[in-house]
Amino acid sequence: MKKIVLLSLFALFAAALPASAHFQMLYTPQTILDKGGEVPLKLVFTHPFEAGHTMDMGSPQEFFVVNKEKKTDLLKTLKPITWTSLENKGKAFETSFKLKGMGDYVFCLVPAPYLEKAEDVYIQQITKLIVNNGSLPTDWDADMGLKAEIVPLDKPYAIWAGGVFRGVVKSEGKPVPFAEIEVEYMNHKPDMKKNVFDKKAMVEAPHDAFVTLTIKADANGTFAFAMPKAGWWGFAALGVGPDTEFEGKELSQDAVIWVQATKM
Ligand SMILES: [Cu+2]
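Scoring rules and cut-offs
- Residues numbered from 1 in each chain as written.
- Predicted model: local features only at pLDDT ≥ 70, side-chain atom pairs only at ≥ 80, totals over all residues.
- Heavy atoms only, no water.
- Helix = DSSP H or I, 4+ residues; strand = E, 2+ residues; numbered from the N terminus.
- Rg over C-alpha atoms; globule rule 2.2 N^0.38 Å.
- Contact = heavy atoms within 4.5 Å.
- Areas by Shrake-Rupley, 256 points an atom, 1.4 Å probe, with all protein chains shown as cover.
- Lys, Arg positive; Asp, Glu negative; His and termini not counted.
- Charge placed at Lys NZ, Arg CZ, Asp CG, Glu CD.
- Buried < 20%, exposed > 50% of the residue type's maximum accessible area, 1.4 Å probe, protein only.
- Pairing = 2+ DSSP bridges.
- Polar contact = N/O pair within 3.5 Å; in protein donor to acceptor, adjacent residues only side chain to side chain.
- Donors = N, O, S within 2.8 Å, 3.2 Å for Na, K, Ca; no water.
- Phe/Tyr/Trp six-rings, centres within 6.5 Å; stacked < 30°, edge-to-face > 60°.
- Salt bridge = Lys/Arg side-chain N within 4 Å of Asp/Glu carboxyl O.

Draft legend 1. Layout of the overall build of the protein chain. Helix and strand content of the protein chain: 1 helix and 22 strands. The C-alpha atoms of the protein chain give 18 Å as radius of gyration, which agrees with the globular expectation for 264 residues (18 Å, within 12%). The dimensions of the protein chain, computed from C-alpha atoms along their principal axes, are 70 × 40 × 40 Å. When contacts within the protein chain are restricted to residue pairs at least 6 apart in sequence, long-range pairs at least 24 apart make up 68% of them. For the protein chain, the exposed surface amounts to about 13,000 Å²; the carbon and sulfur share of it is 56%. Once the 29 positive and 32 negative side-chain charges of the protein chain are each reduced to a mean point, those two points are 6 Å apart.

Draft legend 2. Layout of the pairing of strand 1 (residues 23-27). When you tally the buried positions in strand 1, you get 5 out of 5 residues, the bulk of the element. Burial along strand 1 is two-sided: F23, M25 and Y27 and Q24 and L26, pointing in opposite directions, are all buried. With 5 bridges joining them, strand 1 and strand 3 (residues 37-46) adopt antiparallel strand pairing. Within strand 3, the position partnered with Q24 by the bridge is F45.

Draft legend 3. Local environment of the side chain of Q124. Among the structural elements, Q124 can be located in strand 10 (residues 121-133). Here Q124 falls in the buried class, since its relative accessible area comes to 4%. Of the polar contacts made by the side chain of Q124, one reaches the backbone oxygen of P111; its length is 2.8 Å. Among the polar contacts listed, one links the side chain of Q124 to the side chain of Q253, at a separation of 3.0 Å. If we skip the residues at most four places from it in the chain, Q124 touches Q61, V110, P111, P113, L251, S252, Q253 and D254.

Draft legend 4. Highlighting unusual backbone geometry. Phi angles above zero are rare outside glycine, and E69 is one such case at about 65°. The backbone of E247 shows a phi angle near 45°, a positive value even though the residue is not glycine. Inspection of the secondary structure assignment puts E247 in the loop between strand 21 (245-246) and strand 22 (249-262). Overall, the relative accessible area of 62% leaves E247 in the exposed class.

Draft legend 5. Representation of the coordination of the copper ion within the structure. The coordination sphere of the copper ion, as far as protein atoms go, consists of H22 (NE2), H47 (NE2) and M55 (SD), spread over 2.2 to 2.7 Å. Ordering the donors of the copper ion by residue number gives the pattern H-x24-H-x7-M. Of the two residues, H22 sits in the loop between helix 1 (2-16) and strand 1 while M55 sits in the loop between strand 3 and strand 4 (62-67), which places them 33 residues apart along the sequence. Taking relative accessible area as the criterion, H22 reaches 12% and is therefore assigned buried.

Draft legend 6. Representation of the packing of aromatic side chains in the model. Enumeration according to the criterion identifies 14 aromatic pairs in this entry. Note on F225 and F235: the rings are 5.6 Å apart at their centroids and 75° apart in plane angle, and the pair reads as edge-to-face. Note that F225 is positioned in strand 19 (residues 222-226) and F235 in strand 20 (residues 231-237), a separation of 10 residues in sequence. Owing to a relative accessible area of 11%, F225 belongs among the buried residues under this scheme.

Draft legend 7. Representation of the pattern of salt bridges in the model. Counted according to the given criterion, the structure contains 6 salt bridges. Between K42 and E94 there is a salt bridge whose closest N-O contact spans 2.6 Å. In this pair, K42 is assigned in strand 3 and E94 in strand 7 (residues 89-99), connecting sequence segments 52 residues apart. In this structure K42 comes out as buried when scored by relative accessible area, which is 4%. Taking the relative accessible area as the measure of exposure, E94 reaches 25% and is therefore partly exposed.

Below you can see the structure in the form of structure tokens.
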């Protein structure tokens, strides 16, 4: 009897879990530029397919950019903002960075661990975004030495819609075999001025399984995903980092990368 009650409670709980996944967003509207200039950036911890619940971000542990192997610390440039989702408001950050030369600019964010109260687990999504100036490739395929990282095998800023993005999931520089990767489409356009998601969804998910797509890396930690639509695709490899505990609780140290597919 007890078992049945527990099982039905579990079923209720499982059904109540949101279908969408957490994604640390690191967003700028355009990832490939021809003449440099200012790159506006928004750091938002949210559920991008549904523009759903936005979590309060703490002060990030690290935020920097690498160009031609030179690292520039950007932590002090971050300004707190409030981001509005379709459900709530959450604490987020913004900054902007001026591209002064050609090449790849690899933005890396190590956020503060976030306590997911529903699961009593901390989540830390170490996130990369690569912006290119002048189509000169320099750093896009480099390992940034992050604890949890997706190293791209295709330039994340130069892929047609319908094209394939491949990456290697790494934990302290070593590939993670059969890593579980969640994939979400940014289905509501971020408004850079109002710090809000557009109410209009670009696509409808026919089933919950299409809100957050789940794929696996192969035995070498490599994965591939064909992006069927232009726009932003987020990839999050779950629990791949070496740190598994934070302040006495379980920690999921994830690796996130954002890829912008371009309409042909
Ligand atoms: Cu959430």
